[in-house]
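Next come the chains, spelled out residue by residue.
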Amino acid sequence: MTECIFCKIAKKEIPAETVFENDELVAFKDRNPLAPVHILIIPKRHIASINDLMMADAGLAGQMILAAKNIAKDLSISEKGYKLLFRVGEWGGQEVPHIHLHLIGGARLYEDIYPL
Ligand code: 5GP
Ligand code: ZN
């Protein structure tokens, strides 16, 4: 999957503003933020979408959610709240076919200006 843009970010072949990284995951700022805080959390291993997750990936999926929680705390948006979003496939609006969890916050996301 050398063509995959998020694999390239994971391998640091293209730059991204990383906010968190460990052996399994990397989290970076979305290049087109939909809100004041918009982070993408990805596994370093290529998985195309939620549709491709296996039971053996349960720990990895859990790690992604816990990383989102920790990053939200680091960025001081935990208390007010935020959204976590997985888009899946064409009708779900998924544009990048490498699984990613959106962490979106820093504003009242239920108001009209943030129809997420
Ligand atoms: P999707 O629609 O697939 O759920 O979301 C893909 C997200 O990835 C979009 O919000 C888009 O702005 C972001 N994105 C796509 N390519 C890049 C990139 O090369 N760098 C960064 N930082 N974000 C990207
Ligand atoms: Zn990939």
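Placed above this text is the structure.
Quantities reported herein were computed from a predicted structural model and do not represent experimental measurements.

Procedures and definitions
Residues numbered from 1 in each chain as written. Chains lettered and ligands numbered in written order. Predicted model: local features only at pLDDT ≥ 70, side-chain atom pairs only at ≥ 80, totals over all residues. Heavy atoms only, no water. Salt bridge = Lys/Arg side-chain N within 4 Å of Asp/Glu carboxyl O. Helix = DSSP H or I, 4+ residues; strand = E, 2+ residues; numbered from the N terminus. Buried < 20%, exposed > 50% of the residue type's maximum accessible area, 1.4 Å probe, protein only. Donors = N, O, S within 2.8 Å, 3.2 Å for Na, K, Ca; no water. Tetrahedral: all angles 85-135°; square planar, octahedral: opposite > 155°, others 65-115°. Expected span 1.5 Å × (residues − 1). Arc of directions from axis to C-beta. Contact = heavy atoms within 4.5 Å.

Visitor: When you look at the pattern of salt bridges in this model, what are you seeing that I'm missing?
Guide: Once the charged atoms of two side chains with opposite charge are near each other, the side chains can pair. The tally for this structure, following the rule as stated, stands at four salt bridges. Here R45 and D57 are joined by a salt bridge, their closest N and O atoms 2.8 Å apart. In this pair, R45 is assigned in the loop between strand 3 (37-43) and helix 2 (58-74) and D57 in the loop between strand 3 and helix 2, connecting sequence segments 12 residues apart. Owing to a relative accessible area of 7%, D57 belongs among the buried residues under this scheme.

Visitor: Where do I start with the coordination of the zinc ion (ligand 2) in this structure?
Guide: Tetrahedral coordination by four donors puts the ideal angle at the metal at 109.5 degrees, and octahedral coordination by six puts it at 90 or 180 degrees. At 2.0 to 2.3 Å from the zinc ion (ligand 2) lie its protein donor atoms, namely C4 (SG), C7 (SG), H46 (ND1) and H98 (ND1). Around the zinc ion (ligand 2), the four donor atoms sit at angles spanning 105 to 118 degrees, and that spread fits a shape best called tetrahedral. Sequence spacing of the donor residues for the zinc ion (ligand 2), all on one chain, is C-x2-C-x38-H-x51-H. Judged by relative accessible area, C4 falls into the buried class, the value being 7%. C7 sits in the buried class, given a relative accessible area of 7%.

Visitor: Looking at this structure, how should I read helix 2?
Guide: Helical geometry: 3.6 residues make up each α-helical turn, so side chains three or four residues apart lie on a common side. Counted at 1.5 Å a residue, the expected span for helix 2 with its 17 residues is 24 Å, and the 24 Å between its end C-alpha atoms agrees. Where helix 2 is concerned, the buried positions are L60, A61, M64, A67, A68, I71 and A72. Around the axis of helix 2, the buried residues are gathered within 135 degrees of arc, so they sit on the same side. Of the surrounding elements, those touching the buried residues of helix 2 are strand 1 (18-21), strand 2 (25-29), strand 3, strand 4 (82-85) and strand 5 (101-105).

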